[in-house]
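The lines below spell out each chain.
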Amino acid sequence: MAKVDLTTKIGTLIFKNPVTVASGTFGSKDEYARYLNYERLGAIVTKTVTPKPRKGNQMPRIFETPSGMLNSIGLQNKGIDDFIENKIPYFKKIKTHLIVNIAGESIEDFVALAKKLDREKSVSALELNISCPNVKKGLEFCAKPELTYEVVKAVKDTTKLPFFTKLSPEAHDFLGVAEAAIKAGSDALSLINTIRGMAVDVEKCRPQLANVFGGLSGPAIRPIALRYLHEVKCEFDIPVMAMGGIMTAQDALEFLIAGAHLIAVGTANFVNPKATMEILGGIEGYMKRKGYASVNEVRGSLRIKEASEDRSVPAG
Ligand code: SIN
């Protein structure tokens, strides 16, 4: 069979394939370049960039859990000016989309970041991180629809760059928050950020993380991420970048079939730095085996009604 078409479109952006990386799991520049050719990715999503440099939280701030990982990094980065001066020139040479994840403590912070990045020609899109569970200020933006609306609208009024808004599964009114982001002009959503968890060292009788709580990622949260994706796709017509424990092509396909436009590989990068490439190959193999010519045919091919009919108890 001829080559399959993996091209994925979100608004005016055309991605060569739907495979990207989850913010914060792929270094901040060339750390993975010796393992894979960045240009084979549909996009690169950067570690969060903030207005000023941040040292991050105290160590220890990573802890492995069954089928997952807790992190409490705390948005460590060198700040937007360093990013523009020292990271963007590197990405400029790489022929794939660059999506810059940004976070701030106030609406003004988000606006200032969007304004600076708006001038950068090699930036394709932004991802608003309003859902990091490891910082004292910032998480409230995705806790209430009104606050989500305000910050997203302010960014929309500032930049012409398309953007994703990254939401937390911890929002009490998750669909309300998603709706607010969409109404305020978010071009797409990123689902989901990590879920706060905790682990205890029983010998020392103290938390494994200095910050006590950390965001849980990895396969342990995959069914939750899929559920949120499905709920959003049932309610809204909005492209989604999906993340949450995608380790293999089979995992990625679950999200594509449930309607994701892009799939972002996160924790898997720490275990297998070539995971994205293996996933990409696996998606291609699946499409050939099933006779799909385009990934658009895979996206949203979930058959809910038939599944419930197959399993219904025969009458009589
Ligand atoms: C972190 O740097 O704390 C992780 C980023 C995030 O979860 O948004």
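None of the values given here were measured: they were computed from a predicted structure. (Residues numbered from 1 in each chain as written. Predicted model: local features only at pLDDT ≥ 70, side-chain atom pairs only at ≥ 80, totals over all residues. Heavy atoms only, no water.)

**Let's talk about the confidence of the model for the chain**
Per-residue confidence for the chain gives a mean pLDDT of 96; residues scoring 70 or more make up 99%. By mean pLDDT, helix α10 (residues 304-310) is the weakest element of the chain at 78, and strand β15 (residues 240-242) is the strongest at 99. (pLDDT = per-residue confidence, 0-100. Helix = DSSP H or I, 4+ residues; strand = E, 2+ residues; numbered from the N terminus.)

**Points about unusual backbone geometry**
Residue M59 is joined to P60 through a cis peptide bond whose omega torsion reads 0°. Along the polypeptide, P60 turns up in the loop between β4 (43-45) and β5 (62-65). The residue after L191, namely I192, is reached through a cis peptide bond having omega 5°. Within the element layout of this structure, I192 appears in the loop between β10 (188-191) and β11 (195-198). Backbone geometry places L75, a non-glycine residue, at a positive phi of 60°. Mapped onto the elements of the fold, L75 is located in the loop between β6 (68-71) and α1 (80-92). The residue C205 is not glycine, and still its phi comes out positive at about 50°.

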